[in-house]
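# Geometric and topological summary
One-letter residues, chain by chain:
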Amino acid sequence: MPFFSKIIKPLLALALSAAVLSAEQGCTKDSAPAAPSAPAAPAGKPGEPRTIALTITEKGYEPSPITLQQGQPVKLVLTRTTEHTCATEIVLDEYNINTPVPLNQPVEVAFTPTKTGKLVYGCAMGKMISGVFMVE
Ligand SMILES: [Cu+2]
């Protein structure tokens, strides 16, 4: 029955895609709204050290940007999870930081931002791969 299948097949496809669509909408409704600018950890009081985990992946330093508080000490814990990057260290000139980050070995880097504004860190090759701290 060629005519019958010509009608039924598009109808089936339509019904299927409608079911998929409504399932997706249900998912979106249930999931909590994302807050991209909110820090992963509470900022805490000024002067109280804050630990921030950074991962170096094929996409670069993640997450970025991160908002820091002026005068609040920061302890970065960097983990590089890929060989496919030239970001094998973290360079932050303003705070005399140039620390190698070996593969799959967490490295701690501590500093205290003393100036507000944008702080760019990155790899040793002129920060070709980079990340950003916004100091408030
Ligand atoms: Cu580089």
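Just so we're clear, the structure is a prediction, and the values are computed from it rather than from any experiment.

Our next topic: the overall build of the protein. A tally of helices and strands in the protein yields one helix and nine strands. Counting across all 136 residues of the protein, residues that qualify as buried make up 29%. Considering only intrachain contacts with a sequence separation of at least 6, the fraction spanning at least 24 residues in the protein is 57%. Accessible surface computed for the protein: about 9,000 Å², of which carbon and sulfur atoms make up 62%.

The next subject is the sheet that holds strand S2 (residues 60–62). Strand order across the open sheet formed by four strands is S2-S1-S4-S7, with mixed pairing between neighbours. The two strands at the open ends of the sheet, each matched to only one other strand, are S2 and strand S7 (107–111). Across the sheet, the mean angle from the axis of one strand to that of its neighbour is 30°, orientation sign disregarded. In this structure, strand S1 (residues 50–57) lies alongside S2, joined through three bridges in antiparallel fashion. Paired with Thr 55 across the bridge in S2 is Glu 62.

Below, the discussion takes up the pattern of salt bridges. Evaluated as defined, the whole model comprises three salt bridges. Lys 75 is paired through a salt bridge with Glu 108; the nearest N and O atoms lie 3.7 Å apart. Here Lys 75, found in strand S4 (residues 74–80), pairs with Glu 108, found in strand S7; they are 33 residues apart in sequence, far enough to count as distant. Residue classification places Lys 75 among the partly exposed residues on the basis of a relative accessible area of 30%. You can call Glu 108 exposed: its relative accessible area is 53%. A salt bridge links Glu 83 to Arg 80; its shortest N-O distance comes to 3.7 Å.

A few words now on the coordination of the copper ion. Distances from the copper ion to its protein donors, Cys 86 (SG) and Cys 123 (SG), fall within 2.0 to 2.2 Å. Here Cys 86, found in the loop between S4 and strand S5 (89–92), pairs with Cys 123, found in the loop between strand S8 (117–122) and strand S9 (130–135); they are 37 residues apart in sequence, far enough to count as distant. Given a relative accessible area of 26%, Cys 86 falls into the partly exposed group. Classification of Cys 123 as buried rests on a relative accessible area of 1%.

What counts and how
Residues numbered from 1 in each chain as written. Predicted model: local features only at pLDDT ≥ 70, side-chain atom pairs only at ≥ 80, totals over all residues. Heavy atoms only, no water. Helix = DSSP H or I, 4+ residues; strand = E, 2+ residues; numbered from the N terminus. Buried < 20%, exposed > 50% of the residue type's maximum accessible area, 1.4 Å probe, protein only. Contact = heavy atoms within 4.5 Å. Areas by Shrake-Rupley, 256 points an atom, 1.4 Å probe, with all protein chains shown as cover. Pairing = 2+ DSSP bridges. Axes fitted to C-alpha atoms, helices over the stretch in contact; angles between N-to-C directions. Salt bridge = Lys/Arg side-chain N within 4 Å of Asp/Glu carboxyl O. Donors = N, O, S within 2.8 Å, 3.2 Å for Na, K, Ca; no water.

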